[in-house]
Amino acid sequence: MRISGYRTLKTIQDWGRPVGDANGVYADGVVPVQIVMVDTDEGITGVGIGPHVEIDTVFAAVEGEDPRAVTALYDRMLRHTFKAGHAGVVFGTIGAIDTALWDIKAQAAGEPLWRLLGGRDRRVPAYASGLDIGLTDDELVAAYKEYAGYGLRAAKIKGGLDVERDLRRLRLVGDVLTEAGHGARPGLMLDVNEAWTRKQAVRHVGEIEGVLDLAWIEEPVRRWDAEGMAAVSRGIRASVAAGENLSGLEQFRPLLAAGAVDIVQTAAVWGVTHFLRVSALAHAHDLPVSPIGNTPVGLLHAATSVPNHLVSELQDLRPPLGVSADMHIEDGAFVLGDAPGHGLTVDETAIGAFTRRASAVTADSPNVRPEHAGRRLLPVPDHGHRPHQLTSSSDRAAR
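**So, the pairing of strand β16 (residues 333-336)**
Link 1 in the chain: Burial along β16 is two-sided: the residues A333 and V335 and F334 and L336 are all buried.
Link 2 in the chain: Linking strand β15 (residues 327-330) back to β16 in an antiparallel pair, the connection comprises two residues, with D331 at a positive phi of about 50°.

**Details of the nonpolar core**
Grouped burial of nonpolar side chains is what soluble globular proteins tend to show.
Link 1 in the chain: Of all hydrophobic cores here, the largest spans 103 residues; its most connected members are V38, V62, I97, L101, Y144, I217 and V264.
Link 2 in the chain: The element contributing the most residues to this core is helix α3 (residues 88-109), with 10 residues.
Link 3 in the chain: Each residue touching I217, except ones within four places of it in the same chain, is listed here: L190, V192, W196, V205, I236, A238, S239, V240 and A241.
Link 4 in the chain: One finds V33, I35, V297 and V323 within the second-largest nonpolar core, a separate group that totals 10 residues.

**What to know about the pattern of salt bridges**
Link 1 in the chain: If you walk through the whole model with that rule in mind, you get 18 salt bridges.
Link 2 in the chain: Ionic pairing is found between E348 and R7, a salt bridge with its closest N-O pair at 2.6 Å. Placement of the pair is E348 in helix α12 (residues 348-353) and R7 in strand β1 (residues 3-14), with a sequence separation of 341 residues.
Link 3 in the chain: When its relative accessible area of 28% is taken as the criterion, R7 is described as partly exposed.
Link 4 in the chain: Each of K156, K158, D191, E218 and E313 takes part in salt bridges that share partners, so that together they form one network.

**Observations concerning the side chain of R169**
Link 1 in the chain: Along the chain, the position of R169 falls in helix α6 (residues 163-180).
Link 2 in the chain: When residues no more than four places from it in sequence are discounted, the contact partners of R169 are D132, I133, L135, T136, D137, L140 and I157.

**Quick notes on the packing of aromatic side chains**
Link 1 in the chain: Applying the stated criterion across every chain yields a total of four aromatic pairs.
Link 2 in the chain: Ring centres of Y127 and W216 lie 5.4 Å apart, and the angle between their planes is 90°; this geometry places the pair in the edge-to-face category. Remark: W216 occurs in strand β9 (residues 216-218) and Y127 occurs in strand β6 (residues 123-129); sequence separation between them is 89 residues. By the burial criterion, Y127 is buried, and W216 matches it.
Link 3 in the chain: Ring centres of Y144 and Y147 lie 5.1 Å apart, and the angle between their planes is 45°; on these two criteria the pair is classed as tilted. Within this pair, Y144 and its partner Y147 are both found in helix α5 (residues 137-148), separated by three residues, close to a single helical turn.
Link 4 in the chain: With a relative accessible area of 3%, Y147 lands in the buried category.

**Here's the deal with the layout of surface pockets**
Link 1 in the chain: Taken as a whole, the second largest pocket spans an internal volume of roughly 250 Å³.
Link 2 in the chain: Elements represented by at least two residues in the lining of the second largest pocket include exactly β13 (312-314) and β15.
Link 3 in the chain: Here the lining of the second largest pocket takes three residues from β15, the largest share from any one element.
Link 4 in the chain: Among the residues forming the lining of the second largest pocket, the class breakdown is 12 nonpolar, five polar and three charged.

**Comments concerning the sheet that holds strand β5 (residues 45-49)**
Link 1 in the chain: Taken in spatial order, the three strands make up an open sheet running β1-β4-β5, and their pairing is antiparallel. One side of each edge strand has no neighbouring strand; the edge strands of this open sheet are β1 and β5. Neighbour to neighbour, the strand axes of the sheet diverge by 20° on average, direction disregarded.
Link 2 in the chain: With five bridges connecting them, strand β4 (residues 30-40) and β5 associate as antiparallel partners. Looking at the pairing, I35 lines up with I49 of β5.

**A few points about α5**
Link 1 in the chain: Between its terminal C-alpha atoms α5 stretches 16 Å, which fits the 16 Å expected from 12 residues at 1.5 Å a residue.
Link 2 in the chain: Where α5 is buried, its residues meet β6, β7 (154-158), α6 and β13.

**Things to note about the confidence of the model for the protein chain**
Link 1 in the chain: In this model, the protein chain carries an average pLDDT of 93, and 93% of its residues clear a pLDDT of 70 or more.
Link 2 in the chain: Counting interchain partners and residues more than four positions distant, the pLDDT-below-50 stretch residues 383-399 has 39 contacts.

The rules behind each value
Residues numbered from 1 in each chain as written. Predicted model: local features only at pLDDT ≥ 70, side-chain atom pairs only at ≥ 80, totals over all residues. Heavy atoms only, no water. Buried < 20%, exposed > 50% of the residue type's maximum accessible area, 1.4 Å probe, protein only. Helix = DSSP H or I, 4+ residues; strand = E, 2+ residues; numbered from the N terminus. Pairing = 2+ DSSP bridges. Core = buried A, V, L, I, M, F, W, Y, C linked by side-chain atoms within 4.5 Å. Contact = heavy atoms within 4.5 Å. Salt bridge = Lys/Arg side-chain N within 4 Å of Asp/Glu carboxyl O. Phe/Tyr/Trp six-rings, centres within 6.5 Å; stacked < 30°, edge-to-face > 60°. 1 Å grid on protein atoms, 1.4 Å probe; cavity = no way out; pocket = protein on both sides within 12 Å on 5 of 7 lines; lining within 4 Å. Points joined across faces, edges and corners; volume = space filled by probe spheres on them. Nonpolar A, V, L, I, M, F, W, Y, C, P; charged D, E, K, R; others polar. Axes fitted to C-alpha atoms, helices over the stretch in contact; angles between N-to-C directions. Expected span 1.5 Å × (residues − 1). pLDDT = per-residue confidence, 0-100.

Pasting the structure below:
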């Protein structure tokens, strides 16, 4: 079997409501999703979700190769981007192709990926994550009641702009999950997406911990600040979670060496091989791992095979438009299916027929760090329970 070509597609994740974090919000809830399809000469096609940046350079490393040599091909892709660097979105392109190759390998073996990787249990514990900073309190409660209906008893909310608002909303979500769990204490996490200074993180988490139990605080300071995260971890009771924006083991090593991270995270977009390697590194430090992302299917399969998986993020309860997944949510867990491969199916015809497209990335989207992030003295005004970064590009064009 040989790798014969690739195709790229663009679809959307339509949440039907505002989604975002401390950096910004997609007001219309329409988030772009990029897909890479890798073809073989035996008619097996693998699917990867992730960027297409420098894809011709990256694909040259695997074209004509046997896709079943996937871990060796992963390193080959890294070598092909040696001079330009393989961080950021280029690392995402490598991850998308890597995930597609794992999909091909499992399809060729006639097994679901979780079985091929050595998993025993198809159930992967999940927590709810609504990207909810743009919701009113009533909308927040409604969203987490839907998650609770699927048996989820742990949740991560977005915050970082106003600690009093964060505390109120953590309580609201906690009440929803406590009621659904018949009085059992839920797991609550707060993700501030690098919005605080070190001292702010210790002070604000301390305020929250005076009222309720917080399982973890996510990215309290800049992602690479090993000394800062270690200082935060020493100053609070909650665990510090980080790693979704790190690419390559070289970026994880300083944080682990400094004792800066208690929950090691990896993003779905970085690929299966990266997750397996980070999991091994974390396991060597007796630390748990937790996949991050809206469609983390490849990492869910991989999570079944590592000894230190803790819990995986469940964002939207529906897959991207034109994409279906052989799995379902039940009793607070992803339940993986038996379809060969990782179970993602792409309807290329349906995606090609879509007329709705995501807005261009603008300064008020979650992908752009605000000018004053990490340098705010006062809370950001709520403006009627909507964060100030709520304008879409289409809104501005209409003015």
